[in-house]
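Listed below, chain by chain, are the residues.
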Amino acid sequence: IMLRKAKPEIARGTYTPITYSERDTFGGFISTYNGSQVIVLHNTGIRELEIDLTLYTDVKLSTLRGFAGLGTATLSSDGKKLTISALTSVVLK
């Protein structure tokens with residue numbers, strides 16, 4: 001709840017789903033509000049995942065704005081790869 005309230009794009013934005021076909025335990029959405037976009041992703045599985053974000057969005061990402069859940073997340077310096085722990089959600093900008 002804290003992440004949602006701290007990011008107006010999530011609370012007030014328009015959502016576009018992201019489908020990750022390799023696993024049914026990973027997915028999320030792009031939220032757009034007042035020209036700003038964030039990506040919210042969820043790993044509901046029991047294993048850490050490394051995701052090539054360029055396969056799912058052309059949004060330029062540079063910042064991991066927060067994560068919640070049982071683990072952590074890291075974004076590569078070029079914004080193209082996300083490593084996300086099991087049972088964890090993340091907000092990227």
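Above this text sits the structure in question.
Fair warning: this is a prediction, and the values are worked out from it, not measured in the lab.

**Student:** How should the sheet that holds strand β7 (residues 81-84) be read in this particular structure?
**Tutor:** Within a beta sheet, neighbouring strands are joined by backbone hydrogen bonds and run either parallel or antiparallel to one another. Pairing is antiparallel across the open sheet formed by three strands, whose spatial order is β4-β7-β6. Two strands close off the open sheet at either side, each with one partner strand: β4 (49-52) and β6 (73-75). Direction aside, neighbouring strands of the sheet carry axes that sit 15° apart on average. When β4 meets β7, the two strands line up antiparallel, connected through four bridges.

**Student:** Sorry, what's going on with the environment of A11 here?
**Tutor:** Along the chain, the position of A11 falls in helix α2 (residues 8-12). A relative accessible area of 45% means that A11 is categorised as partly exposed. In this structure, the C-alpha to C-alpha distance between A11 and Y33, residues 22 residues apart in sequence, is 9.0 Å.

**Student:** Mind showing me how you'd approach the nonpolar core here?
**Tutor:** One broad trend across soluble globular proteins is that nonpolar side chains are buried collectively. If you look at the biggest cluster of nonpolar residues, it comprises 17 residues, and the most contacted ones within it are I39, L41, L53, L82 and L92. For this core, the secondary-structure elements that each account for two or more residues are β2 (26-33), β3 (36-43), β4, β6, β7 and β8 (88-92). Leaving out residues up to four positions away in the same chain, L82 has contacts with L41, L49, E50, I51, L53, A73, T74, V90 and L92. One finds I10, V38, V40 and V91 within the second-largest nonpolar core, a separate group that totals five residues.

**Student:** So what exactly am I meant to see when it comes to the pattern of salt bridges here?
**Tutor:** For the structure shown, the criterion picks out three salt bridges. A salt bridge links K93 to E9; the shortest N-O distance between them is 3.9 Å. Placement of K93 in the segment after β8 and of E9 in helix α2 is noted, with a sequence separation of 84 residues between them. For K93, a relative accessible area of 29% corresponds to the partly exposed category. Through salt bridges with shared partners, a single network forms among E9, R65 and K93.

**Student:** For this particular structure, what's the right way to read the sheet that holds β8?
**Tutor:** Strand order in the open sheet formed by five strands is β1-β2-β3-β8-β5, with antiparallel pairing between adjacent strands. Edge positions in the sheet fall to β1 (14-19) and β5 (64-69), since each of these pairs with one other strand and no more. Adjacent strand axes in the sheet meet at a mean angle of 20°, parallel and antiparallel pairs treated alike.

**Student:** Would you mind going over the environment of I46 with me for this structure?
**Tutor:** Looking at the element boundaries, I46 is found in the loop between β3 and β4. By relative accessible area, I46 is classed as exposed at 74%. Residues I46 and T25, spaced 21 residues apart in sequence, show a C-alpha to C-alpha distance of 8.7 Å.

**Student:** What is the right way to read the pairing of β2 from this model?
**Tutor:** Within a regular beta strand, the side chains point alternately toward one face of the sheet and then the other, so they alternate between its two faces. Most of β2 sits inside the fold, with six of its eight residues counted as buried. As defined by bridge partners, β1 adjoins β2 across six bridges and the pair is classed as antiparallel. Bridging from a neighbouring strand, Y15 pairs with S31 of β2. Once β1 ends, the chain turns through six residues before running back antiparallel as β2. Hairpin remark: β2 followed by β3, antiparallel, with two residues in the connecting loop; positive phi at N34, about 50°.

So, how was this worked out
For every chain, the first residue of its written sequence is number 1, and the numbers climb from 1 along that sequence. Confidence filtering applies because this is a predicted model: local features only for residues at pLDDT of at least 70, side-chain atom pairs given and counted only at 80 or more, and all residues used for totals across whole chains, interfaces and linings. In computing side-chain values, all of the structure's heavy atoms are included and hydrogens and water are not. Here, a strand pair is defined by DSSP locating no fewer than two bridges between the strands. Helix and strand labels come from DSSP, where a helix needs a run of H or I of at least four residues and a strand needs a run of E of at least two; each type is numbered from the N terminus. Axes, fitted as lines to C-alpha atoms, cover a helix only where it is in contact. Angles between the N-to-C directions of the axes lie from 0 to 180 degrees. Each residue's exposure class comes from its accessible area (1.4 Å probe, protein chains only) as a fraction of the maximum for that residue type: buried when under 20%, exposed when over 50%, partly exposed otherwise. Joining through side-chain atoms within 4.5 Å is the link that ties buried Ala, Val, Leu, Ile, Met, Phe, Trp, Tyr and Cys residues into a set, and such a set is a nonpolar core. Contacts are residue-level and defined by heavy atoms, with any inter-residue pair within 4.5 Å sufficient. Any carboxyl oxygen of Asp or Glu that lies within 4 Å of a side-chain nitrogen of Lys or Arg is treated as forming a salt bridge with it.

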